[in-house]
Amino acid sequence: MPFKRYVEVGRVALVNYGKDYGKLVVIVDVIDQNRALVDAPDMVRGQMNFKRLTLTDIKIEIKRVPNKKTLIAALEAGDVKNKWENSSWGRKLIVQKKRASLNDFDRFKIMLAKIKKAGVVRQELAKLKKETA
Amino acid sequence: MYHKRGLWAIKAKNGGAFPKHEKKAVAAAPAEKPPKFYPADDVKKPLVNKRKARPTKLRASITPGTVLIILAGRFKGKRVVFLKQLTSGLLLVTGPFKINGVPLRRVNQSYVIATSTKVDISGVNVKKFDDKYFGKKVEKKKKKGEGEFFEAEKEEKNTLPQEKKDDQKSVDAALTQCIEAVPDLKSYLGARFSLKAGMKPHELVF
């Protein structure tokens, strides 16, 4: 019930609307009740409404409005990339992206792999059933 | 306007006068006699049309060796290898025949989805195929007979000439080798494409 992810300087957030959709950004300052100053290694620092952000669990140690170099160093120190890619949320997004970019041939190969896997699982299940029966 | 266009500078560069080209010498045209006969009504001449017919512009995604999905006709859903574009604009395509039953065939670009899967087509010679190869055979006109004549004609039409079968085999031989080099590609070409539940064509990447 109590809040766990706070809007604070250093909070890493995911952009969920707009031109930078899907990017991880760092809240670098709070402008007013609705907007934050937001920065990422590959974008120009700018303002964003909180409604366009979804907070993540990740937080890094920075002072208010660091320069780009310091920000990048802090992201490295906080190991944000690895933490994100190993989190279940991050992994889900990666899988979604992969699925969306699949070729027709890739989809066919995946279908064959699924059928094969299901066959193996069914065999093992049949073996177990025979043992217990 | 004179000063704005810099005409003063052009004149100065050319030494005071404007640069002129010499007029080309016009060859003296032979004297035309007035025509002896004028038609009674003025007939309108049709306008000059210098447009040349060109084959349809080929989509950038379709290159020789691309796997295409045919969308209409008796081979709808079949995945097929693109060979070349003919002068009529139609695409020359083959199954290969042994893999999915599609022979050397012409297909319209509009009825085709181009996938991003490519097959190496360098070993295949498709120079001899053109639109005439696929045209309907012109038959000599026979006098209308009855009974026996009709039956004889029908029997002749059904068989494919051996030449076409040999062409198919030679094209497919080189292709099939390249296809078997890629794992699963042969069964991919043998399977038909269909939309399943949850597939959104506008979101699919082909």
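Residues numbered from 1 in each chain as written. Chains lettered and ligands numbered in written order. Predicted model: local features only at pLDDT ≥ 70, side-chain atom pairs only at ≥ 80, totals over all residues. Heavy atoms only, no water.

1. Examining the overall build of chain A
In step 1: Each helix and strand in chain A was counted, giving four helices and five strands.
In step 2: In chain A, the order of α-helices and β-strands from amino to carboxyl end is β-β-β-β-β-α-α-α-α.
In step 3: For 133 residues, the compact-globule estimate of 2.2 N^0.38 gives 14 Å, and the C-alpha radius of gyration of chain A, at 21 Å, exceeds that figure by more than 25%.
In step 4: The principal-axis extents of the C-alpha atoms in chain A amount to approximately 65 × 35 × 25 Å.
In step 5: Across the 133 residues that make up chain A, the buried fraction comes to 30%. (Helix = DSSP H or I, 4+ residues; strand = E, 2+ residues; numbered from the N terminus. Rg over C-alpha atoms; globule rule 2.2 N^0.38 Å. Buried < 20%, exposed > 50% of the residue type's maximum accessible area, 1.4 Å probe, protein only.)

2. Describing unusual backbone geometry
In step 1: Cis geometry marks the peptide bond from B:Gly95 to B:Pro96; its omega dihedral reads -5°.
In step 2: Relative to the helices and strands, B:Pro96 resides in the loop between β3 (91–94) and α2 (97–100).
In step 3: Even without a glycine there, the phi angle at A:Val65 is positive, about 50°.
In step 4: For A:Val65, the position within the fold is in the loop between β5 (53–59) and α1 (68–78).
In step 5: Phi at A:Asp79 takes a positive value of approximately 55°, unusual for a residue other than glycine.

3. Overview of the nonpolar core
In step 1: B:Leu83, B:Leu92 and B:Leu189 are the most contacted members of the largest nonpolar core, which has 23 residues in total.
In step 2: At the level of secondary structure, the elements contributing two or more residues to this core comprise α4 (104–132) of chain A together with β2 (79–85), α3 (131–134), α5 (162–181) and α6 (185–190) of chain B.
In step 3: Broken down by element, this core gets its largest block of residues, four residues, from α5(B).
In step 4: The contacts of B:Leu92, once residues within four sequence positions are left out, are B:Val81, B:Phe82, B:Leu83, B:Lys84, B:Leu86, B:Leu104, B:Arg105, B:Val126, B:Phe129 and B:Phe134.
In step 5: Among the nonpolar cores identified, the runner-up in size contains 13 residues, and A:Val12, A:Ala74, A:Val80 and A:Trp84 belong to it. (Core = buried A, V, L, I, M, F, W, Y, C linked by side-chain atoms within 4.5 Å. Contact = heavy atoms within 4.5 Å.)

4. Describing the sheet that holds β3(B)
Residue and element names in this part refer to chain B.
In step 1: Strand order in the open sheet formed by five strands is β4-β3-β2-β1-β5, with antiparallel pairing between adjacent strands. Two strands lie at the open edges of the sheet, namely β4 (105–107) and β5 (112–118), each paired on one side alone. This sheet shows a mean twist of 45° between the axes of neighbouring strands, independent of strand direction.
In step 2: As paired strands, strand β1 (residues 66–70) and β5 are joined by four bridges and run antiparallel to one another. Opposite isoleucine 70, over in β5, you have valine 112 as the bridge partner. (Pairing = 2+ DSSP bridges. Axes fitted to C-alpha atoms, helices over the stretch in contact; angles between N-to-C directions.)

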